[in-house]
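Listed below, chain by chain, are the residues.
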Amino acid sequence: DTEVTQTPKHLVMGMTNKKSLKCEQHMGHRAMYWYKQKAKKPPELMFVYSYEKLSINESVPSRFSPECPNSSLLNLHLHALQPEDSALYLCASSPMGGSWTNEKLFFGSGTQLSVL
Amino acid sequence: QQPVQSPQAVILREGEDAVINCSSSKALYSVHWYRQKHGEAPVFLMILLKGGEQKGHEKISASFNEKKQQSSLYLTASQLSYSGTYFCGTALTQGGSEKLVFGKGTKLTVNP
């Protein structure tokens, strides 16, 4: 199984809602990532979990709250989002994390989020 | 520091060749290439490591010149399936952590 599965595929939420994005991989990868991608832009890193511990937080606003319950699961909890947070949210995993000399990312198909 | 890609967009006819460039103002130890088709997730193509090696994926190959701090992706005899946006990524160390930073992308359109 070489897939990263993300749910839901689409999400529409109001600015007062609380929702969660879910990501799952069963490749035994020890690093998992959240990226945000706006239309016609490259993916921008938000968070990195390495061995289930948060290792990188790219100064993301606290209305985004990541969680890594175990090595296969990654959640992104959303609360009080703004319309400018509308974007494609991509989850990714990689075997080890840490050094990028020989590491490759496996991306999920993403959640298209619209904040009204 | 984000790597710089050129050109921003390329339009080809099927069978034509294209080159996409990626450069950095900082020393590079590796360059990563990904392709993203419209509405899909980015897909890993290859990693180029220090040493000027070339790698290939189908009829797509790449070179890496660490002295010039640049990499080039070569698409030979392009196929319709090559259409998409190509991103190069380079490792950036910040605050003791290393992360992969993508360039702005090159949109490739292959027409029949």
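What you see is a predicted model; the values in this text were computed from it and never measured.

About the thresholds
Residues numbered from 1 in each chain as written. Chains lettered and ligands numbered in written order. Predicted model: local features only at pLDDT ≥ 70, side-chain atom pairs only at ≥ 80, totals over all residues. Heavy atoms only, no water. Helix = DSSP H or I, 4+ residues; strand = E, 2+ residues; numbered from the N terminus. Buried < 20%, exposed > 50% of the residue type's maximum accessible area, 1.4 Å probe, protein only. Contact = heavy atoms within 4.5 Å. Disulfide = S-S within 2.5 Å. Pairing = 2+ DSSP bridges. Axes fitted to C-alpha atoms, helices over the stretch in contact; angles between N-to-C directions.

Novice: Whenever I open this one, the environment of Leu74(A) confuses me. Can you help?
Specialist: Residues and elements named next belong to chain A. Structurally, leucine 74 is set in strand β8 (residues 73–79). You can call leucine 74 buried: its relative accessible area is 0%. Along the sequence, leucine 74 and glutamate 52 sit 22 residues apart, while their C-alpha atoms lie 9.0 Å from each other. With sequence-adjacent residues up to four places away left out, leucine 74 is seen in contact with Leu21, Lys22, Cys23, Met32, Tyr33, Trp34, Tyr49, Glu67, Cys68, Pro69 and Cys91.

Novice: Would you mind going over the state of the cysteines with me for this structure?
Specialist: Covalent bonding between the sulfur atoms of two cysteines is what defines a disulfide. Residue and element names in this part refer to chain A. Inspection of every chain in the model, using the stated rule, returns two disulfides over all chains. The side chain of cysteine 23 participates in a disulfide bridge whose partner is cysteine 91; the two sulfur atoms lie 1.9 Å from each other. Measuring handedness by torsion sign, the sulfur bridge of cysteine 23 and cysteine 91 sits at about -70° and is left-handed. Of the two residues, cysteine 23 sits in strand β3 (residues 18–25) while cysteine 91 sits in strand β9 (residues 87–94), which places them 68 residues apart along the sequence. Per residue, the accessibility class of cysteine 23 equals that of cysteine 91, and both read buried. The thiol of cysteine 68 is unpaired, and the distance to the nearest cysteine sulfur, on cysteine 91, comes to 9.3 Å. Looking at cysteine 68, the relative accessible area reads 13%, which means it is buried.

Novice: Help me understand the sheet that holds β3(A), please; the structure alone is not making it clear to me.
Specialist: Strand pairs in the sheet, formed through backbone hydrogen bonds, run parallel or antiparallel to each other. Residue and element names in this part refer to chain A. On the basis of which strands lie adjacent, the open sheet formed by four strands has the order β1-β3-β8-β7 and antiparallel pairing. Edge strands, defined here as strands with exactly one partner in the open sheet, are β1 (4–7) and β7 (64–70). Averaged over all pairs of adjacent strands, the angle between strand axes in this sheet comes to 20°, irrespective of strand direction. Inspection of the sheet shows β3 paired to β8 by seven bridges, in the antiparallel sense. Within the sheet, the bridge partner assigned to leucine 21 lies in β8 and is leucine 76.

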